[in-house]
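Breakdown of the fold
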Amino acid sequence: MADGRRAIPSVERLLSSEALQRVLAHEPRTRIVAMLRSIQDEQRALASPAQPVDADWYAAQIEARLGTERERSLREVINATGVVLHTNLGRAPLSAAAIDAIAHVSRGYANLEYDVEAGARGSRYTHCERLLSSLTGAEAALVVNNNAAALVLIFNTIALGRPVLVSRGELVEIGDSFRVSEIIARSGALLREVGATNRTHLVDYTDQLAGTGAILKVHPSNFRTSGFVADASIAKLAPVARAAAIPLVHDLGSGLLETLDDLGLPHEPTAGEALALGADIVTMSGDKLLGGPQAGIALGRADIIQAMKRNPLCRALRVDKLTIAALEATLLSYARGTARVEVPALRMIAESAADLRKRAQQCTADLAEAGVTATIVDGFSRIGGGAYPEADLPTSLVAIDSRHGSAARLEALLRAEMPPVVARIAGDRVVLDLRTVLPEQQAALVASVVHVC
Ligand SMILES: *Cc1c(COP(=O)(O)O)cnc(C)c1O
């Protein structure tokens with residue numbers, strides 16, 4: 001048996017085994033094939049598989065996995081929408097390194113708040129701070145639950161009971177639960193609107209400086225204005241704010257750590273660039289363009305960051321070890337210069353039109369083999385998450401010709417698959433954008449399409 005443990009039986013042999021007939025009776029064959037392949041990949045990755053890997057074992061694995069999938073409320077879905085940072089689908093997928101890091105610190109105990117060298121109490125806030133500083137040039141950094149939490153904490157710390165100046169053109173709503181005005185109100189600061197919806201000038205701020213707690217600039221992440229518009233730039237506001245000793249806060253939103261200009265996208269400031277323009281504090285999300293876990297990152301002046309850490313509200317907004325582990329691992333990819341290949345959100349944004357076409361061709365060929373007609377049409381993917389609202393990334397869409405029913409019906413059937421497939425409808429057809437489908441999910445995607453068509 002010793003050798004038999006290591007040998008991985010072929011998928012064909014497993015499918016014809018008696019053990020697998022039970023699952024084949026109630027699950028589509030294509031899905032079982034995809035599951036067998038992925039279990040085999042896991043087996044190959046193990047140095048020495050612990051269990052006998054015979055057909056009975058495979059059948060039990062598949063039964064267990066199907067059972068667990070059905071029990072869970074929160075579960076994996078296949079994102080075939082082409083929206084990379086899809087807020088409803090959990091924003092950024094994590095890198096392999098981030099997933100490893102989560103497992104590494106959560107199996108047992110971790111030095112979350114323990115200084116191993118000193119043998120004494122430490123701080124959870126030390127773990128990512130040095131990396132964030134070295135990647136952005138920030139004097140200090142603090143990681144909390146999300147960007148909304150970072151903003152609440154900042155204004156509660158530096159502007160409690162005092163006005164925060166915000167341009168009327170920047171009182172934005174993001175998603176369905178984040179409005180800058182409401183965040184400021186709940187922080188205990190007072191919103192003071194300046195300027196007009198389309199035009200705000202430096203003098204609109206300078207007229208209101210007396211007694212002001214902070215000035216906030218908000219990145220117009222999910223929309224663009226055009227026509228007769230003006231705003232006071234960070235570069236112009238910074239010296240005025242500094243002279244009046246009023247902190248200037250910049251809500252950057254999506255939080256690029258390195259530029260994506262080379263991909264032909266319009267220039268977006270990186271966190272480092274935003275800081276260099278003169279804001280005292282820059283805030284951003286961890287799970288948007290940064291490509292890490294949900295988190296809010298505040299970067300900038302050490303005295304303000306220190307005061308935020310001492311604010312009792314910080315305790316209510318703090319992140320757990322899983323977030324810190326995933327964020328640190330993601331930041332390490334940037335520090336090594338390998339973020340473009342390791343961080344899935346960046347990899348997806350950077351995936352070339354030619355590579356996407358090849359994957360679409362593979363997908364249509366696999367579907368054709370199973371008797372499903374699909375055609376490739378040119379289309380666009382979106383970055384999402386409020387980032388680059390106008391950027392269209394050229395892609396190749398796989399348009400499905402359903403033999404029965406409308407596109408809406410096919411789309412609903414795909415959502416009922418396990419894992420659910422979330423697709424788009426374009427014209428009167430269901431289209432799949434492989435940009436946001438992980439390569440290892442493609443076989444399961446094909447299996448689901450075949451199953452419902
Ligand atoms: C997304 C976004 C937020 C909210 O960030 P969360 O991390 O989801 O709390 C705030 N401001 C801007 C400009 C954003 O784009």
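Anything mentioned here points back to the structure above.
Residues numbered from 1 in each chain as written. Predicted model: local features only at pLDDT ≥ 70, side-chain atom pairs only at ≥ 80, totals over all residues. Heavy atoms only, no water.

A word on the sheet that holds strand β18 (residues 429-433)
Strand order in the open sheet formed by five strands is β2-β14-β15-β18-β17, with mixed pairing between adjacent strands. The sheet terminates laterally at β2 (83-85) and β17 (424-426), the two strands that pair on one side only. Averaged over all neighbouring strand pairs, the angle between strand axes comes to 45°, with direction disregarded. Sheet topology places β2 next to strand β14 (residues 374-384); two bridges connect them, and they run parallel. When the sheet's bridge partners are listed, V83 is paired in β14 with R382. Across the face of the sheet, helix α18 (residues 353-369) comes into contact with β14 and β15 (393-400) while running at roughly 5° to β15. (Pairing = 2+ DSSP bridges. Helix = DSSP H or I, 4+ residues; strand = E, 2+ residues; numbered from the N terminus. Axes fitted to C-alpha atoms, helices over the stretch in contact; angles between N-to-C directions. Contact = heavy atoms within 4.5 Å.)

A short note on the nonpolar core
Ranked by size, the top nonpolar core spans 55 residues in total, and within it I215, L289, L299, I383 and Y388 carry the most contacts. The biggest single contributor to this core is helix α11 (residues 234-243), with five residues. Excluding its chain neighbours within four sequence positions, the residues that come into contact with L299 are L132, T136, A138, A140, A141, A271, L275, D280, I281, V282, M284 and I305. (Core = buried A, V, L, I, M, F, W, Y, C linked by side-chain atoms within 4.5 Å. Buried < 20%, exposed > 50% of the residue type's maximum accessible area, 1.4 Å probe, protein only.)

Some points on the sheet that holds strand β9 (residues 190-194)
In space, the seven strands of this open sheet follow the order β5-β13-β12-β11-β10-β6-β9, with mixed pairing throughout. Of all strands in the sheet, those with a lone pairing partner are β5 (140-144) and β9, marking the two edges. Neighbour-to-neighbour, the strand axes of the sheet open up by a mean angle of 25°, direction not taken into account.

A few points about the environment of Q40
Summarising the element assignment, Q40 is placed in helix α4 (residues 29-45). Residue Q40 is classed as buried on the basis of its relative accessible area of 5%. Look past the residues within four positions of Q40 in its chain and what remains in contact with it is I8, P9, S10, V11, L14 and Y58.

Regarding unusual backbone geometry
Following M418, the chain continues to P419 via a peptide bond in cis, the omega torsion being -5°. Checked against the element boundaries, P419 lands in the loop between α19 (407-415) and β16 (421-422). One non-glycine residue with positive phi stands out, namely R91, at about 55°. Inspection of the secondary structure assignment puts R91 in the loop between β2 and α6 (96-106). In this structure, A245 is a non-glycine residue whose phi angle is positive, near 55°. Along the polypeptide, A245 turns up in the loop between α11 and β11 (248-253).

Things to note about α11
Within α11 the residues assigned to the buried category are I234, L237, A238, V240 and A241. Once α11 ends, the next one or two residues include A245, with phi positive near 55°.

Here we look at the packing of aromatic side chains
One pass over the full model with this rule turns up one aromatic pair. On the basis of an interplanar angle of 85° and a centroid distance of 5.1 Å, the ring pair of W57 and Y58 is categorised as edge-to-face. (Phe/Tyr/Trp six-rings, centres within 6.5 Å; stacked < 30°, edge-to-face > 60°.)

Observations regarding the packing of helix α8 (residues 147-158) against helix α9 (residues 180-187)
Interaxial distance between α8 and α9 falls to 8 Å at its minimum, and their mutual angle equals 45°. By the angle class used here, α8 and α9 are oblique. Considering how the two elements wind past one another, α8 and α9 form a crossing that is right-handed. Counting all contacts with α8, which are made through A148, L151, V152, F155 and N156, the residues of α9 involved are I183, I184 and S187. A per-class count over the contact of α8 with α9 returns six nonpolar, two polar and no charged. (Parallel < 35°, antiparallel > 145°, perpendicular 65-115°, else oblique. Left-handed = near helix turned anticlockwise from the far one by under 90°. Nonpolar A, V, L, I, M, F, W, Y, C, P; charged D, E, K, R; others polar.)

Notes on the pairing of β11
For β11, the tally of buried residues reaches six of six residues, placing the bulk of the element in the interior. The side-chain alternation of β11 yields two buried faces, one formed by L248, H250 and L252 and the other by V249, D251 and G253. In terms of strand pairing, strand β10 (residues 214-218) meets β11 through four bridges, oriented parallel. The residue of β11 that forms the bridge with K217 is H250. Note: β11 against strand β12 (residues 281-285), four bridges, orientation parallel. Paired with H250 across the bridge in β12 is V282. Between the parallel elements β11 and β12, the chain passes through helix α12 (residues 271-276) in a crossover that is right-handed. (Right-handed = clockwise from strand over helix to strand, strands pointing away.)

Focus: α4
Here α4 contains 17 residues, and its C-alpha end-to-end distance of 24 Å stays within 8% of the 24 Å for a straight helix at 1.5 Å per residue. Those residues of α4 not exposed but buried are R31, I32, V33, A34, M35, L36, I39, Q40 and Q43. Buried-residue contacts for α4 involve α2 (11-16), α3 (18-26), α5 (55-71) and α20 (442-452). (Expected span 1.5 Å × (residues − 1).)

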